[in-house]
Amino acid sequence: MTTNTEIMTRPAAHTWWWYGLLLLATIGILTIYQDVLDVYEVSILIFTAISMGLVGNHWPGFRAHAVAVAILSLIALQLYGTDLGAAETNGLLKYMLASQSAIMWMSVFFIAATFTYFGGLIFRSDYTEKVGSAFTWIATTFGMTGLMVRWRETHMMGADIGYIPVSNLYEVFILFAVVTALIYLFYERRYQVRSLGGFVLLVISAAVIFQLWYAFERNAHEIQPLVPALQSYWMKIHVPANFIGYGAFAMAAMIGIAYLLVNWRMEKSPNSGMVKAMPPLTMMDDLMYKSIALGFAFFTVATILGALWAAEAWGGYWSWDPKETWALIVWLNYAAWLHMRMTKGWSGAPMAWWAIVGLFVTLFAFLGVNMFLSGLHSYGTL
Amino acid sequence: MSEATTKGHSNHSFSRRLFLFIGSMELAITLLLTLAVASVIGTVLQQNQPYADYVIKFGPFWFEVFDKLGLYDVYSALWFIAILALLVISTSVCVIRHFPAMLKEMWQLRTNVQKKSLRAMHHSAQWQSSDPIETVADNLQQEFKKLGFRSRQTVKQDDAILISAMRGGMNRLGYLFTHIAIVVICVGGLFDSNMPLKLAEWRGDIKIETRDLSIREIPAESRLAVGGQGFRGTVSIPEGKASEVVFLPVRDGYLLQELPFRIEVKDFRIEHYANGQPKSFESDLVIHDDELDAPLEETISVNHPLIYRGHAIYQASFSDGGSILTMDAWPLDSRAGTEPVAIQTKVFENRQMLWGQETMQLEMTNFRPFNINPDPTEEDSRNLRDFGPNFTFKLRTETGEAREYENYMFPVERDGREYFLSGVRNSPAEPFAYLYLPVDEQGSLKQFLQYSALLRDEELVSGVANSMMKEALAVMPERDETLEVSLQQTLETLIKMFVRGGFDEVRNFIDNNLPDAERDNLAPAYLGMLREMLARIYFSMDGVDPQTVTNDQLLFLQDTVDAIGTLSRYGSPVFLHLTDFEHIQSTGLQIARAPGKNVVYFGCALLIIGVFLLFYLPQRRLWAWVEKTTEQTEIILAGSTNRNAREFDMFFMEQQTELARKTGNSNL
């Protein structure tokens with residue numbers, strides 16, 4: 001093993017093709033869409049390519065995922081041509097690659113992965129857990145492909161309709177599932193531990209089930225044009241940054257649940273199968289800290305980006321709008337958590353409880369505000 | 001927010017203890033959480049609503065209590081600002097206290113460590129080499145450099161060299177950046193907040209205006225002159241008009257902020273997607289300023305404001321700008337006569353109308369050229385349809401009570417028939433209840449009104465009642481005058497009741513005046529008689545013949561009867577039918593001046609950089625003690641980190657093997 005402890009530092013020599021491919025893709029997109037991309041969008045594209053390069057540098061799984069998403073999306077685009085109706089007539093689109101189909105596959109695999117991970121945990125089977133990982137990767141790939149194809153579909157709905165599909169509640173639920181899974185998979189590889197998979201997948205499955213209900217009951221999957229306030233390049237960075245935050249916070253809470261369970265079993269019978277099957281408490285504690293730190297960093301970025309956008313769309317960088325205020329509340333909560341952890345050295349069960357409470361605060365900021373409070377952010381109403 | 005632990009200071013002065021308390025971690029965490037909880041209030045209780053709404057919601061007692069607590073504008077309440085200020089002070093004290101130590105930590109390589117303490121460290125390793133100590137030390141320093149560590153050699157005692165190395169000292173900058181950022185953001189935000197206004201109000205320099213005045217009438221003490229202060233206000237400018245002021249909403253009133261230039265609105269546009277949803281809101285503005293050679297023309301839209309002389313001008317809303325409306329007032333009952341009267345009025349205009357004995361105030365409140373709403377005839381509520389122009393108005397009686405109406409210009413189709421639609425409600429909290437007035441073949445209300453006039457024509461009603469009575473009693477063997485009179489009266493009364501209160505009134509009558517025993521038998525008979533009367537009156541109209549009556553005519557009768565039956569709840573003596581309009585819009589601009597904005601943005605940049613340094617650049621230290629023993633050179637490697645201990649474990653394990661391989665004898 002070489003020094004790969006410092007992730008995201010020097011490009012590894014064997015990944016030149018990864019950087020080459022990203023460069024090629026970036027140049028390709030810039031050439032094809034040079035007439036429609038403004039300077040902000042070009043910057044965002046380049047920034048995305050660099051970020052992907054760094055994330056994939058030491059993470060083969062991510063590289064494979066990105067390439068698979070690209071290939072599947074390109075096939076879908078090719079099959080679509082300019083006819084949105086192909087989603088019904090072309091078999092491959094209809095059953096696999098049209099955004100709705102891909103998202104259905106994502107849902108199936110996420111839920112299957114949850115059961116598989118727990119199966120592996122209960123029967124102490126490494127192989128089963130590996131299958132869980134594979135399912136999670138497949139689900140993530142379908143989810144991401146679904147979003148990519150949907151992006152194209154919005155443009156096919158009408159020249160003036162096209163938008164990045166992270167713009168309404170339905171779409172961000174898919175984003176949430178995909179991002180949370182990616183964060184989990186990153187740490188799964190980093191810590192070489194799969195027994196937490198079921199716990200993290202539980203929150204993803206909950207999101208998937210909600211998203212299915214939302215689609216079947218409320219027809220939320222139908223593409224609707226954007227209201228003027230949302231037509232901005234800020235969408236492309238504000239929302240993803242936010243969901244890295246939400247995803248990481250959700251993962252921390254799920255690890256918190258696992259921590260408390262193991263801690264409780266440990267006190268009762270230290271030699272029980274569950275205690276042995278699960279990672280050591282210190283590792284879970286460390287992971288919890290890592291994901292809250294990650295979430296906090298990106299949530300800070302997202303909130304600041306939101307403020308910059310607000311300055312452009314609403315006339316002020318801070319309006320004490322309910323959504324903004326709840327973002328601040330989430331931020332303050334985790335800031336307090338991190339202070340406790342980093343300077344007071346608190347760890348263990350109280351911090352795990354706090355991480356779980358944190359998820360509820362986050363959940364309210366994400367969903368509750370749109371459901372129960374009115375304000376400027378009233379886009380994602382149920 | 002202290003990184004280092006404070007050691008027991010027991011005999012310090014009070015001020016020193018206060019200083020320590022204010023900069024303490026406990027206070028900081030308490031403040032963070034208090035602020036979080038306090039922030040919830042303003043999201044649960046809608047802020048800056050009209051005070052009258054709060055009174056209705058909470059009642060006079062609690063309204064007063066909440067008002068005193070500043071809950072209607074909680075984010076500028078004194079106690080809230082105090083928490084924020086305390087957080088800023090606490091953070092500042094923390095930074096001041098730790099600044100020197102942090103700088104030292106950041107730069108200093110620890111060179112005065114003892115061999116003993118290196119051995120005792122959690123990460124520690126040891127190996128031998130046959131090379132002289134200088135060579136080993138130089139090699140190790142080279143290796144440290146390759147790992148990105150800055151290092152220095154110190155000669156210790158007689159024959160030992162200590163290499164102190166460090167990487168990621170910038171981590172400490174992370175602490176400084178994040179904490180300074182909080183102070184910077186809050187201070188910058190203070191410039192742009194309404195704190196200066198509050199201060200001026202408290203000193204008595206300005207007074208919040210709560211009355212609805214025209215701009216000229218607003219007194220000087222409620223006006224703010226052009227200056228360097230920050231503000232955020234709104235102004236609504238009709239097309240073709242201009243403004244050089246904005247209104248700053250403050251609690252239940254406002255202040256007038258003067259601008260150093262004049263904004264003229266040429267045009268306001270809404271564009272729509274194919275499905276009718278709004279796609280863009282745009283205003284063509286012209287800025288008139290003495291400093292400009294020529295007026296500046298610019299188009300703004302949502303997400304694309306105009307920045308002029310430090311003022312950001314945003315597209316915030318739109319409303320009617322006083323559209324000119326021409327309409328016919330069709331009389332619905334005899335109070336208002338029999339012929340339609342033409343009226344021309346403007347949105348936001350109030351005028352007195354004399355209808356019969358009654359004077360009513362007609363207050364035009366809004367006009368909308370499109371009404372893209374879910375189509376009630378389609379199952380999927382997402383199918384939208386344009387219902388065409390409509391306008392809203394209030395009718396206020398002499399006693400001050402008002403009902404609100406919403407009338408559509410064009411007939412609306414339902415089940416293949418057309419109706420004029422008029423909504424009515426008694427308060428804004430209620431949904432509109434709609435009156436469907438059937439449209440005749442000429443597309444007018446004429447037939448409807450003719451018919452309703454016939455119902456009020458006593459002579460005609462009496463004649464119809466008489467003939468119907470006779471037909472009904474023809475089967476009787478003998479004439480019974482009492483019965484005749486009584487039946488005739490009943491028939492006439494039924495129509496009167498119907499005109500007065502619709503079917504409801506007739507049912508009430510049946511419930512209250514008929515003997516219990518016969519009610520079940522008589523009720524259908526009464527309603528049947530009423531229907532028959534209504535039909536016969538209809539057949540007395542020109543062009544309607546009971547022999548050749550068409551299905552359409554019967555449906556029209558049914559609709560007409562239904563509409564008349566609900567008129568008593570409609571409350572207006574006329575139906576206002578819009579015949580023509582000139583749409584004048586008004587654009588709602590938000591104008592903000594935020595002198596602290598760049599300070600805040602600088603703070604934000606610091607915060608982002610700081611957070612990433614803090615989490616993702618751990619500060620790692622390595623030491624190598626290279627000492628000459630009797631035969632060999634002994635090397636002790638030790639290390640520490642302030643973050644990510646797990647990664648450091650792995651790192652140290654790898655490095656100790658690697659370094660020992662490179663610099664030691666392979667006899668580990």
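Residues numbered from 1 in each chain as written. Chains lettered and ligands numbered in written order. Predicted model: local features only at pLDDT ≥ 70, side-chain atom pairs only at ≥ 80, totals over all residues.

Quick look at the overall build of chain A
Alright, step 1. When you go through chain A residue by residue, the secondary structure sums to 14 helices and zero strands.
Alright, step 2. Its helices and strands in sequence order give chain A the pattern α-α-α-α-α-α-α-α-α-α-α-α-α-α, from N to C terminus.
Alright, step 3. The C-alpha atoms of chain A give a radius of gyration of 21 Å, which matches the 21 Å a tight globule of 382 residues would have.
Alright, step 4. Burial status across chain A gives 46% buried among its 382 residues.
Alright, step 5. Contacts in chain A between residues at least 24 apart in sequence constitute 75% of all its contacts with a sequence separation of at least 6. (Helix = DSSP H or I, 4+ residues; strand = E, 2+ residues; numbered from the N terminus. Rg over C-alpha atoms; globule rule 2.2 N^0.38 Å. Buried ≥ 20, exposed ≤ 12 C-beta atoms within 10 Å, placed from the backbone. Contact = placed C-beta atoms within 7 Å.)

Some words on the overall build of chain B
Alright, step 1. A tally of helices and strands in chain B yields 15 helices and 26 strands.
Alright, step 2. Computed over the C-alpha atoms, the radius of gyration of chain B is 42 Å, more than 25% above the 26 Å expected from 2.2 N^0.38 for a compact globule of 668 residues.
Alright, step 3. In terms of overall dimensions, chain B has C-alpha extents of about 150 × 60 × 55 Å along its principal axes.
Alright, step 4. Of all 668 residues assigned to chain B, the portion counted as buried reaches 30%.
Alright, step 5. In chain B, of all internal contacts separated by at least 6 residues, the share reaching a separation of at least 24 is 62%.

Structural notes on the pairing of strand E18 (residues 390-396) of chain B
Residue and element names in this part refer to chain B.
Alright, step 1. As paired elements, strand E15 (residues 358-368) and E18 share seven bridges and run antiparallel to each other. Within E18, the residue paired with phenylalanine 367 across the bridge is phenylalanine 391.
Alright, step 2. Here seven bridges tie E18 to strand E19 (residues 402-408), and the two strands are oriented antiparallel to one another. If you follow phenylalanine 393 over to E19, its bridge partner there is tyrosine 405.
Alright, step 3. Here E18 folds back onto E19 in antiparallel fashion, the turn holding five residues, of which glycine 400 has a positive phi close to 100 degrees. (Pairing = 2+ DSSP bridges.)

Focus on the interface of chain A and chain B
Alright, step 1. Every contact between the two is made by 39 residues of chain A and, on the other side, 47 residues of chain B.
Alright, step 2. For the side of chain A that touches chain B, the secondary structure elements donating two or more residues are helix H12 (281-313) and helix H13 (322-342) of chain A.
Alright, step 3. With eleven residues, the single largest contributor to the side of chain A that touches chain B is H13(A).
Alright, step 4. Across the side of chain A that touches chain B, the residue classes tally to 23 nonpolar, twelve polar and four charged. (Nonpolar A, V, L, I, M, F, W, Y, C, P; charged D, E, K, R; others polar.)

A closer look at the confidence of the model for chain A
Should the pLDDT be low somewhere, the predicted coordinates at that spot are not to be read in detail.
Alright, step 1. Looking at chain A, pLDDT values average 91 and 94% of them are 70 or higher.
Alright, step 2. Counting interchain partners and residues more than four positions distant, the pLDDT-below-50 stretch residues 1-9 of chain A has eight contacts. (pLDDT = per-residue confidence, 0-100.)

Considerations on the nonpolar core
The nonpolar side chains of a soluble globular protein tend to be buried with one another.
Alright, step 1. A:Ala177, A:Ile255, A:Met288 and A:Ile292 are the most contacted members of the largest nonpolar core, which has 132 residues in total.
Alright, step 2. Take this core: its biggest share by element is 20 residues, from H12(A).
Alright, step 3. Leaving out residues up to four positions away in the same chain, A:Ile292 has contacts with A:Ala248, A:Phe249, A:Ala252, A:Tyr334, A:Trp337, A:Leu338 and A:Ala355.
Alright, step 4. One finds B:Trp330, B:Val347, B:Leu437 and B:Phe498 within the second-largest nonpolar core, a separate group that totals 51 residues. (Core = buried A, V, L, I, M, F, W, Y, C linked by C-beta atoms within 7 Å.)

What about the sheet that holds strand E13 (residues 341-346) of chain B?
Residues and elements named next belong to chain B.
Alright, step 1. Pairing is antiparallel across the open sheet formed by three strands, whose spatial order is E13-E12-E23. A single partner strand is all that each edge strand has here, and the edge strands are E13 and strand E23 (574-582). For this sheet the average axis-to-axis angle between neighbouring strands, irrespective of direction, equals 30 degrees.
Alright, step 2. Bridge count for strand E12 (residues 324-331) against E13 is six bridges, and the pairing is antiparallel. (Axes fitted to C-alpha atoms, helices over the stretch in contact; angles between N-to-C directions.)

Brief notes about the sheet that holds strand E25 (residues 620-628) of chain B
Residues and elements named next belong to chain B.
Alright, step 1. Spatially, E1-E26-E25-E3-E2 is the arrangement adopted by the five strands of the open sheet, whose pairing is antiparallel. Of all the strands in the sheet, the pair left with one neighbour each is strand E1 (123-129) and strand E2 (150-156). Each neighbouring strand pair of the sheet contributes to a mean axis angle of 15 degrees, computed without reference to strand direction.
Alright, step 2. Alignment of E25 against strand E26 (residues 633-641), held across nine bridges, turns out to be antiparallel. Paired with tryptophan 623 across the two strands is alanine 638, which belongs to E26.
Alright, step 3. The strands touched by helix H6 (residues 133-146) are E1, E2, strand E3 (160-167), E25 and E26; relative to E25, the strand with the most contacts, the crossing angle is about 165 degrees.
Alright, step 4. Set on the sheet, helix H15 (residues 645-663) makes contact with E1, E25 and E26; between it and E26 the angle comes to about 165 degrees.

Examining the environment of B:Glu481
Alright, step 1. Positionally, B:Glu481 belongs in helix H11 (residues 481-513).
Alright, step 2. Residue B:Glu481 is classed as exposed on the basis of its 7 C-beta neighbours within 10 Å.

A word on helix H2 (residues 25-44) of chain B
For the α-helix, the turn length of 3.6 residues means that residues three or four positions removed from each other point alike.
Alright, step 1. Relative to the 28 Å expected for 20 residues at 1.5 Å per residue, H2(B) spans 29 Å between its end C-alpha atoms, a close match to the ideal helical length.
Alright, step 2. Turning to H2(B), its buried residues number three or more, namely B:Ala28, B:Leu31, B:Leu32, B:Ala36, B:Ser39, B:Gly42 and B:Thr43. Summarising the axial view, the buried residues of H2(B) lie within an arc of 135 degrees, below the 170-degree limit, and thus occupy one face. Away from its buried face, by an angle of more than 90 degrees, H2(B) presents the exposed residues B:Glu26, B:Val37 and B:Val44.
Alright, step 3. Contact partners of the buried residues in H2(B): H13 of chain A together with helix H4 (78-107) of chain B. (Expected span 1.5 Å × (residues − 1). Arc of directions from axis to C-beta.)

Looking at the packing of helix H6 (residues 99-122) of chain A against helix H7 (residues 126-157) of chain A
Residue and element names in this part refer to chain A.
Alright, step 1. Interaxial distance between H6 and H7 falls to 7 Å at its minimum, and their mutual angle equals 165 degrees. Considering their axes alone, H6 and H7 lie roughly antiparallel with respect to each other. Both H6 and H7 take part in a crossing whose hand is left-handed.
Alright, step 2. Per-class residue counts for the contact of H6 with H7 are 15 nonpolar, ten polar and three charged. (Parallel < 35°, antiparallel > 145°, perpendicular 65-115°, else oblique. Left-handed = near helix turned anticlockwise from the far one by under 90°.)

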